[in-house]
Amino acid sequence: MNIYENVATQALTSFFYHEALWKKEILFNFLLQPFNLKVTDIKDVITQDNLKDTIPDFTIITSHGTRICYQVKINDADLPSSE
């Protein structure tokens, strides 16, 4: 991961903890839309979650225990084969 991806990842996760609810709703409802979830379903947002074969940039953990993993890529960078 390059420095810009690190900064973007930290900004996204920090956003969850430090911004007003209406701002979180815009960003996280967009990210959760494919899963039919909303920001109110989020229990936690963590970075560098260790999984079996990969380490996603950040993970959204829902109140139901579901983990939704995201990779942050800059300038249309490809995902590594393990991701």
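Since the structure is predicted, the reported quantities are computational estimates derived from the model, not experimental observations. (Residues numbered from 1 in each chain as written. Predicted model: local features only at pLDDT ≥ 70, side-chain atom pairs only at ≥ 80, totals over all residues. Heavy atoms only, no water.)

(A) Inspection of a nonpolar patch on the surface at higher detail. Residues Ile3, Tyr4 and Val7 make up a contiguous nonpolar surface patch of roughly 360 Å² in combined accessible area. Mapped onto the fold, Ile3 is located in helix H1 (residues 3–18). The class of Ile3 is exposed, set by a relative accessible area of 56%. (Patch = residues over 30% accessible without salt bridge, like charges linked within 9 Å, V, L, I, M, F, W, Y side chains within 5 Å. Areas by Shrake-Rupley, 256 points an atom, 1.4 Å probe, with all protein chains shown as cover. Salt bridge = Lys/Arg side-chain N within 4 Å of Asp/Glu carboxyl O. Helix = DSSP H or I, 4+ residues; strand = E, 2+ residues; numbered from the N terminus. Buried < 20%, exposed > 50% of the residue type's maximum accessible area, 1.4 Å probe, protein only.)

(B) Layout of the nonpolar core. The biggest cluster of nonpolar side chains holds 13 residues, and the ones touching the most others in it are Phe28, Leu32, Ile42, Val45, Phe58, Ile60 and Tyr70. Breaking this core down by element, the ones donating at least two residues are helix H2 (21–32), strand S1 (42–47), strand S2 (58–62) and strand S3 (67–70). Sorting elements by how many residues they give to this core places H2 first, with 3 residues. Those residues in contact with Tyr70, other than ones at most four positions away along the chain, are Leu31, Leu32, Phe35, Pro56, Asp57, Phe58 and Ile60. (Core = buried A, V, L, I, M, F, W, Y, C linked by side-chain atoms within 4.5 Å. Contact = heavy atoms within 4.5 Å.)

(C) Focus on the sheet that holds S2. Spatially, S1-S2-S3 is the arrangement adopted by the 3 strands of the open sheet, whose pairing is antiparallel. Both outer strands of the open sheet, S1 and S3, are each paired with one neighbouring strand and no more. Taken pair by pair, the neighbouring strands of this sheet meet at an average axis angle of 20°, ignoring direction. Pairing of S1 with S2 involves 5 bridges; the strand directions are antiparallel. Considered in S2, the bridge of Val45 is made with Ile60. Together, S1 and S2 form the strand contacts of H1, whose direction differs from that of S1 by roughly 150°. (Pairing = 2+ DSSP bridges. Axes fitted to C-alpha atoms, helices over the stretch in contact; angles between N-to-C directions.)

(D) A look at the pairing of S2. Counting buried positions along S2 yields 5 of 5 residues, so the element is predominantly enclosed. Side chains of S2 alternate between two faces, with Phe58, Ile60 and Thr62 and Thr59 and Ile61 buried alike. Looking at chain direction, S2 and S3 are connected through 4 bridges and run antiparallel. For Ile60, the partnering residue across the bridge sits in S3 and is Ile68. Here S2 folds back onto S3 in antiparallel fashion, the turn holding 4 residues, of which Gly65 has a positive phi close to 90°.

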